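# Close look at the chain arrangement
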Amino acid sequence: MKSTIRTILIGFAAGVSGAYLLFVLMVKPAMEAQTSETTDFTRVNFDQPVNHSSEIAQGYSSQTTSGADAAVAPVDFSEAASKATPSVVYINSISRGATYSTWDWFFGQGTSGGRTQVSSGSGVIFTSDGYIITNNHVIESAERIEVQYNKRVYPAELIGTNPSTDLAVIKISESGLPAIALGSSKNVQVGEWVLAVGNPFSLASTVTAGIVSAKGRRIGILEDKFPIESFIQTDAAINPGNSGGALVNKSGELVGINSAILSRTGSYTGYAFAIPVDIARKVFDDLVKYGIVQQGFIGGGIIEYNYENAKKYNLNTDVKLYSGVLLESIEKGGPAANAGLKPGDIIIRLNNVETNSQSAFEEEMSYHYPGDKLPVVYVRDGKTNNTSITLVNLNGTNDLIKRNIYTNDALGAQLESTQYGVKVFHIKDNSPLKQIGVPENFTIIAINRVRVKEPEEIVEFFGKFKGRGALYGFNSSRQQVEIPFVMR
């Protein structure tokens, strides 16, 4: 027993001695070295409490200076915030999943039951008479849109959408609203201070500050056939609910519509993107005037001009700077072909604007209409050439495209042909479509398993049919739905 105790005490003493030697020889020198290294960094003065949120709100920038009287001047955003905040609204997008039972089929008419889904976002008041711009993805699944402003809830009418830019316009019945002052995104400089105004996480009228990190970003987030991506990148904090809100400069002028973040978590991680206000202004004007955005096309495909693409298309790769965009393909008899352009040409200027990236080219194109004649400067075989190109619409003509909306009083709704079927909207309460459970913005693909493509087909069917039937299509959330009904 004694020998055991002796062994334990000797082991304990040896352990303590070893730990002390390890501390003296290795840990303590390392701690002293670390302390020596840290002294090179600017220290925070803890004599007074540090208010980090105040530093962020004021855009306070600390730096190492020499001299005891050196001071750092804060940037005051209060005036810009007070100008912009009243022009940003809270938007609720409301939809319901459609569910139908066997009881509905045999004994009654279908009802658009299901769980109500509400998503939120932001919008910017563009005109004093109630026109509001927001993101398309904020309202694209909505069967009903509500706008909260000045402690009041307004029903909103959808004026039009443009998936190519992720923008939409809605309207509320009100006058005397504080329309936001419009700036110019072309004049925005990288490094310039900006404010993001919106409703993140349902926190109304939230303002955050940051700088413009980059311009002309193309991040591949839009899934439209003809996307226009030339985002303003900022490090101002933007979170879910900010979508559709305002990005403003130090004068409180709108320079962008907040649209997306780059994040693995779904929350802000330092990378946020806004649609330039110059693009938004043109989209807004078109949707209000025509109900659709007028886009011009050159009749050719544009890709980035860089080393890889130059090598792929057997172009000269011995260049110091890859300036311009590469014309990859052209349509026979299209505007590009008629202008004398060929695949492999490098377009360096469009409408007297440098096009050093695909996003710059797309942005400049977004400002123009079918029929516009634009000067083009391009390089072929090392020589600079000039030509002009006349833009066309999707149908290959120079005309403006108009929406063909069919209104029928007996059906109590408006109808419009799409590439999938017939979309129905502005459905009145006494409409037969409303009575059988057809939701707002529903696209009818078939009736009684017969495809429909024109509004007149639906009007004719409901004017004559009696008995049991079924509509097939998809709702605003892109969910495929079958709606059984009985017409008596």
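Residues numbered from 1 in each chain as written. Predicted model: local features only at pLDDT ≥ 70, side-chain atom pairs only at ≥ 80, totals over all residues. Heavy atoms only, no water.

### So, the overall build of the protein chain
For the protein chain, the helix and strand inventory stands at 11 helices and 25 strands. Counting the 488 residues in the protein chain, one finds 43% classified as buried. In the protein chain, 58% of the contacts between residues at least 6 apart in sequence involve partners at least 24 apart. Surface summary for the protein chain: the accessible area is close to 26,600 Å², and the carbon and sulfur share equals 51%. (Helix = DSSP H or I, 4+ residues; strand = E, 2+ residues; numbered from the N terminus. Buried < 20%, exposed > 50% of the residue type's maximum accessible area, 1.4 Å probe, protein only. Contact = heavy atoms within 4.5 Å. Areas by Shrake-Rupley, 256 points an atom, 1.4 Å probe, with all protein chains shown as cover.)

### Regarding the environment of valine 459
Along the chain, valine 459 turns up in helix α11 (residues 455–464). Measuring from C-alpha to C-alpha, the distance between valine 459 and aspartate 409 comes to 10.0 Å, with 50 residues separating the pair along the chain. Contacts of valine 459, omitting those with residues within four sequence positions, involve Tyr406, Asn408 and Leu411.

### Here we look at the packing of aromatic side chains
If you walk through the whole model with that rule in mind, you get 11 aromatic pairs. Geometrically, the ring pair formed by phenylalanine 462 and phenylalanine 485 is tilted, given 5.9 Å between the ring centres and 40° between the ring planes. Of this pair, phenylalanine 462 sits in helix α11 while phenylalanine 485 sits in strand β25 (residues 480–487); the two residues are 23 residues apart in sequence, bridging distant segments of the chain. Comparing phenylalanine 462 with phenylalanine 485 shows no difference in burial state: the two are buried. Three or more aromatic residues link up through ring pairs in this structure, and these residues are Phe461, Phe462, Phe465 and Phe485. For lysine 282, the ring lying beneath its charged end belongs to tyrosine 369, and the centroid distance is 4.0 Å. (Phe/Tyr/Trp six-rings, centres within 6.5 Å; stacked < 30°, edge-to-face > 60°. Lys NZ or Arg CZ within 6 Å of the ring centre and 35° of its normal.)

### Looking at the sheet that holds strand β6 (residues 167–171)
Read around the closed barrel, 6 strands run β1-β2-β3-β6-β5-β4, paired in antiparallel fashion. Between one strand and the next, the sheet's axes are offset by a mean angle of 40°, whatever the strand orientation. Sheet topology places strand β4 (residues 144–149) next to strand β5 (residues 152–162); 5 bridges connect them, and they run antiparallel. In the sheet register, glutamate 146 faces β5, and the bridge partner there is proline 155. (Pairing = 2+ DSSP bridges. Axes fitted to C-alpha atoms, helices over the stretch in contact; angles between N-to-C directions.)

### Overview of the pattern of salt bridges
Oppositely charged side chains can pair when the atoms bearing their charge come close. What the rule picks out here adds up to 10 salt bridges. A salt bridge links arginine 144 to glutamate 146; its shortest N-O distance comes to 2.7 Å. Taking the relative accessible area as the measure of exposure, glutamate 146 reaches 21% and is therefore partly exposed. Here arginine 349 makes a salt bridge to glutamate 354, at a shortest N to O gap of 3.8 Å. Assessed through its relative accessible area of 29%, arginine 349 is described here as partly exposed. (Salt bridge = Lys/Arg side-chain N within 4 Å of Asp/Glu carboxyl O.)

### With respect to unusual backbone geometry
Leaving glycine aside, a negative phi is the common case for residues, and trans is the common case for peptide bonds. Look at asparagine 352: it is not a glycine, yet its phi comes out positive at around 65°. One can find asparagine 352 in the loop between β15 (346–350) and β16 (353–354).

### Observations concerning the nonpolar core
If you look at the biggest cluster of nonpolar residues, it comprises 32 residues, and the most contacted ones within it are Ile133, Ala246, Leu254 and Ile257. Sorting the residues of this core by element identifies α3 (78–84), β3 (131–135), β6, β7 (193–198), β10 (246–248), β11 (254–261), β12 (272–276) and α6 (277–290) as the ones contributing at least two each. Among the elements that take part in this core, α6 stands out by supplying 6 residues, more than any other. Judged by nonpolar contacts, the second largest core, of 22 residues, contains Val422, Phe442, Phe461 and Leu471. (Core = buried A, V, L, I, M, F, W, Y, C linked by side-chain atoms within 4.5 Å.)

### Points about the confidence of the model for the protein chain
Here the protein chain averages 82 in pLDDT, and 81% of its residues register 70 or above. Between residues 98–112, whose pLDDT stays under 50, and residues either more than four places distant or in other chains, the model counts 39 contacts. (pLDDT = per-residue confidence, 0-100.)

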